[in-house]
Amino acid sequence: MDNLEEDLTCSVCYCLFSDPRVLPCSHTFCKTCLDNLLQVSTNYSIWRPLRLPLKCPNCRSVVELPPAGVDALPTNVSLRAIVEKYQMDSEPRPPSCPEHHRQPLNMYCIQDRQLICGLCLTVGQHHGHPIDDLQAAFIREKQTPSQLLKRLSEERWAQVCELGEQLEQEKARCEGVVRQDRQEVNQFFQTLEVVLARKRQACLDALDKAGAEVSRAYDPLIHQVKELQEEQLDLVSLGSSVEDEDSPLVFLEKVHLFRERVEEFIKTPLPSVMTLSVTPRAAEYLQQHWPVVTIGSLEEAPVPKVCCCARCGGAGSEAGGDRSSRGVQDVWAELKPTMLVVLLGLLLLLVVLWMNPVGGASLGFSLMSRLSHLVHSLSSVLVTCVWDTVGTAYTTAGVAVDKWSSQLSAVGVRVFEHLAALFKTLTSR
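In this text, all values refer to a predicted model and were calculated from it rather than measured experimentally.

> Quick rundown of the overall build of the protein? Include the residues and the values.
Secondary structure summary: the protein contains twelve helices and nine strands in total. Across the 429 residues in the protein, those meeting the buried criterion constitute 20%. Taking as baseline every contact in the protein between residues at least 6 positions apart, the subset at least 24 positions apart corresponds to 53%.

> Talk me through the nonpolar core; I want residue IDs and the actual numbers.
By size, the foremost hydrophobic cluster in this structure holds 18 residues, and its most contacted members are Leu23, Leu34 and Leu65. If we ignore the near neighbours within four places in the chain, the residues touching Leu34 are Arg21, Leu23, Phe29, Leu54, Val70 and Leu73.

> A description of a nonpolar patch on the surface should follow, citing residues and the corresponding values.
Taken together, the side chains of Val185, Phe188, Phe189 and Ile295 define a hydrophobic patch exposed on the protein surface, amounting to about 380 Å² of accessible area. Following the sequence through the fold, Ile295 ends up in the loop between helix H9 (282–289) and strand S9 (307–311). Residue class for Ile295 comes out exposed when judged on its relative accessible area of 53%.

> Can you tell me about the side chain of His126, naming the residues and giving the values?
Inspection of the secondary structure assignment puts His126 in the loop between helix H4 (118–122) and strand S7 (131–133). Assessed through its relative accessible area of 2%, His126 is described here as buried. Among the polar contacts listed, one links the side chain of His126 to the side chain of Gln114, at a separation of 2.8 Å. For His126, the contacting residues outside a window of four places in its chain are Cys109, Asp112, Gln114, Ile116, Cys120 and Leu121.

> An account of the pairing of strand S3 (residues 52–55) is requested, with residue identities and associated values reported.
Two elements, S3 and strand S4 (residues 62–65), share four bridges in a ladder whose sense is antiparallel. Across the sheet, Pro53 pairs through a bridge with Glu64, a residue of S4. Hairpin geometry of S3 and S4 is characterised by an intervening segment of six residues between the two adjacent antiparallel strands and by a positive phi of about 65° at Arg60.

What counts, and where the lines are drawn
Residue positions are counted from 1 within each chain, in the order its sequence is given. pLDDT decides what is reported in this predicted model: residues at 70 or higher carry local features, side-chain atom pairs at 80 or more are listed and counted, and totals for whole chains, interfaces and linings draw on all residues regardless. Here the side-chain values reflect all heavy atoms present in the structure, with hydrogen atoms and water set aside. Secondary structure elements are taken from DSSP: a helix is a run of H or I of four residues or more, a strand is a run of E of two residues or more, and numbering for both begins at the N terminus. Each residue is assigned to one of three classes by its accessible area relative to the maximum for its type, calculated with a 1.4 Å probe on protein chains only: buried under 20%, partly exposed between the two thresholds, exposed over 50%. Residues are treated as being in contact if the distance between any of their heavy atoms lies within 4.5 Å. Among buried residues, those of type Ala, Val, Leu, Ile, Met, Phe, Trp, Tyr and Cys that are joined through side-chain atoms within 4.5 Å constitute a nonpolar core. Here, patches come from residues exposed beyond 30% relative accessible area and free of salt bridges, joined within 9 Å for like charges and within 5 Å for nonpolar side chains (Val, Leu, Ile, Met, Phe, Trp, Tyr). Accessibility throughout is a Shrake-Rupley quantity obtained with a 1.4 Å probe, and a residue counts as covered only by protein chains that appear here. A pairing counts as a salt bridge when a side-chain nitrogen of Lys or Arg comes within 4 Å of a carboxyl oxygen of Asp or Glu. In the analysis that follows, any N or O atom pair within 3.5 Å is treated as a polar contact, provided that within protein one partner can donate a hydrogen and the other can accept it, and provided that, for residues neighboring in sequence, both atoms belong to side chains. Note: two strands are recorded as paired if DSSP finds a minimum of 2 bridges between them.

Rendered as structure tokens:
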């Protein structure tokens, strides 16, 4: 359509052709444009011929017009018809029906309150509905807006405004509740974070203490071993220097000194290799105790008391064995009086039963009851004594228990042999 409009435009006024006239050169222009051009050319002409000259605006050729002027030029009838048809097509058309192609919406359905076409009324979904002319419906409904505005009273406006204020207040209240809950949630979890951080720090402090114990246990040994290494390197260096000595007197002096240092170095006992056992292990402790911890009891959640248990071995096992044997001897020395009392009591009971089997039974029961009280009281003394002794000898417990058990078994065998011999002696009488 844009290209067609360009072809239907006059090259002088740049508008659609209005009463188009054809010049002798076959170019077409508006009659009004040609009149203006002819008037300008005659004003500047110094002679008045019988035929009027005119220069074509397109081809610039001079054409002669009849004496009657532009009115005598022929009209381009075909071009004028095309321009008129183009102008008619360019005018806005009434809307067409979306269901029926190219059918104008020229009727108004009163029931459905929408524009319809003739096919909608006859064969479409609006069949049998009351209709009206669009203009008549427009005139009839023209006063409806003013009538509806009258129904919107001030009271209704006040109710709507009040309802809006109430909704705003309720919204502000709910937002305040949500904001307060948000603060409480943040505070709650911040408290949990503080408690958890404190518990974590307590566990780490316990592990730090265990690390300090490890350092205290191993650092002196490592330092001693390093001193031994340095001493041995010094001896190797001294031995090399002694070998290179040429003076007999100096050589003998250095050899004597070197021998003393080597013998002293060899006699120096090597430190024992300690195997530390860190208990309890963190993962096992947490898996065992923390799954049952609730949020309410988080403050009372247990923290492991990490300790290091040492056992001696390696080059210093003999010294450890001596210490353990001394510990067993000390324990046996403390337990010896008590064991003698128990054995004498059992011996007296057997003698009474052998001499008077009938009366000895009742006596035996009374003695047994008293003996049970004695044993009970002695057992508490024994437990206390053993506990104190074991606490002092805790570091050498691994080796001491084996030797202690062997010695106790030997003592028990000897006691049993003495009791058997005594029993045979009594029965032989």
